[in-house]
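What follows is the residue order along each chain.
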Amino acid sequence: MSATELRPLGQTDIRVSPVAMGCWPIAGMTSLEVNDPDSLATLDAAFDAGIKFFDTAYCYGANGESERLIGRGLGNRRDQIVIATKGGIAWDADGQRVQDASPATLRRQCDESLQRLGTDRVELLYLHGPDPDVPVAESAGELKRLMDAGKTRSVGVSNFNVEQLEEFHAVCPISAVQPHFNMLQQEITHDILPWCEANGASAIIYWPLMKGLLAGKLSRDHQFAPGDGRAKYPMFQGEEWQKNQDFVDALRQLAIQIGRTVSDVVINWTIHHPGITAALCGAKRPYQITETAAALSWRLSADQRARIDQAIADRGPAAGRSAV
């Protein structure tokens, strides 16, 4: 992919690849059989395939494993990549999630993230989610101070509703919003995407493949191994699972006809959906990220998109669950 195909991040001069690598899987917390050599090879493969945008978080790993791997694997290409990380969520000694978006915690986590990443700044720092015990404006104020101090070049938010976006944006300009979005979960088209368009913010979406469901590689009788976090999501259970498999079968027919993989088709549809700047694609093996990065080099035709849209309509509303 040439540099001219990179997309602007909000109203900044930062440019991002439409496919980003989501670096949660390499943290090894809910994804099985993760190891450092494969994770480092996956980061290399992503870069070589044209991905220049890497998304992580302070809490990706009990001890920052994801950020440390990015620092190790891509440190010598630091000026050629865009790094996004997030603050406001961590893990306690018992492995329970702790939400703390107080200014002092955001400042400490930012400094620790930069140390792990081996850099003096990130291009994008998100508030990982609103903290019910801390006013949004307080968190926004601290992220604005971190940006003013040069520790991040821009600020974003994840898992926010429109009211919270407004409150945050009044204190600190939002360059990126990170919600979930995929063919079967398009709720943001009604509120978040219009807000982004009106306020000059990028939509950087996660779950484009719905945790592997839309990759087309899980058989109808697939049994999730103990410890696989996907089993808790309604998408992977009972009648919802069967309906989703029918939908994937329809995608597979199209993919075969045009000589592409199901993942390739799904990511291509996603990054060319109106209002989407980039899609985060998780991976823990080189072949996985190489396959999704292939979506950078081509584009579905109008007729092919129409077939997909009809399949989505035939599937009907799908059961969802939030990530945070």
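Residues numbered from 1 in each chain as written. Predicted model: local features only at pLDDT ≥ 70, side-chain atom pairs only at ≥ 80, totals over all residues. Heavy atoms only, no water.

**Looking at empty space enclosed by the protein**
A complete count under the given rule lists 1 cavity of 30 Å³ or more for this structure. Roughly 50 Å³ of volume is contained in the largest cavity. Considering the residues around the largest cavity, the lining is formed by Tyr58, Lys86, Gly87, Leu106, Gln109, Cys110, Ser113, Leu125 and Leu143. Of all elements in the fold, only strand E5 (82-87) and helix H3 (103-117) reach the threshold of two or more residues within the lining of the largest cavity. Sorting elements by how many residues they give to the lining of the largest cavity places H3 first, with 4 residues. Here the lining of the largest cavity is composed, by residue class, of 5 nonpolar, 3 polar and 1 charged. (1 Å grid on protein atoms, 1.4 Å probe; cavity = no way out; pocket = protein on both sides within 12 Å on 5 of 7 lines; lining within 4 Å. Points joined across faces, edges and corners; volume = space filled by probe spheres on them. Helix = DSSP H or I, 4+ residues; strand = E, 2+ residues; numbered from the N terminus. Nonpolar A, V, L, I, M, F, W, Y, C, P; charged D, E, K, R; others polar.)

**What to know about the sheet that holds strand E4 (residues 53-55)**
Strand order around the closed barrel formed by 8 strands is E3-E4-E5-E8-E9-E10-E11-E12, with parallel pairing between neighbours. Strand-to-strand, the axes of this sheet are offset by a mean angle of 25 degrees, without reference to chain direction. Both strand E11 (residues 202-205) and strand E12 (residues 276-282) contribute to a ladder of 3 bridges, which runs parallel. The residue bridging alanine 203 from the neighbouring strand is isoleucine 276, located in E12. Across the sheet, H3 touches E5 and strand E8 (124-127), and the angle it forms with E5 is around 145 degrees. (Pairing = 2+ DSSP bridges. Axes fitted to C-alpha atoms, helices over the stretch in contact; angles between N-to-C directions. Contact = heavy atoms within 4.5 Å.)

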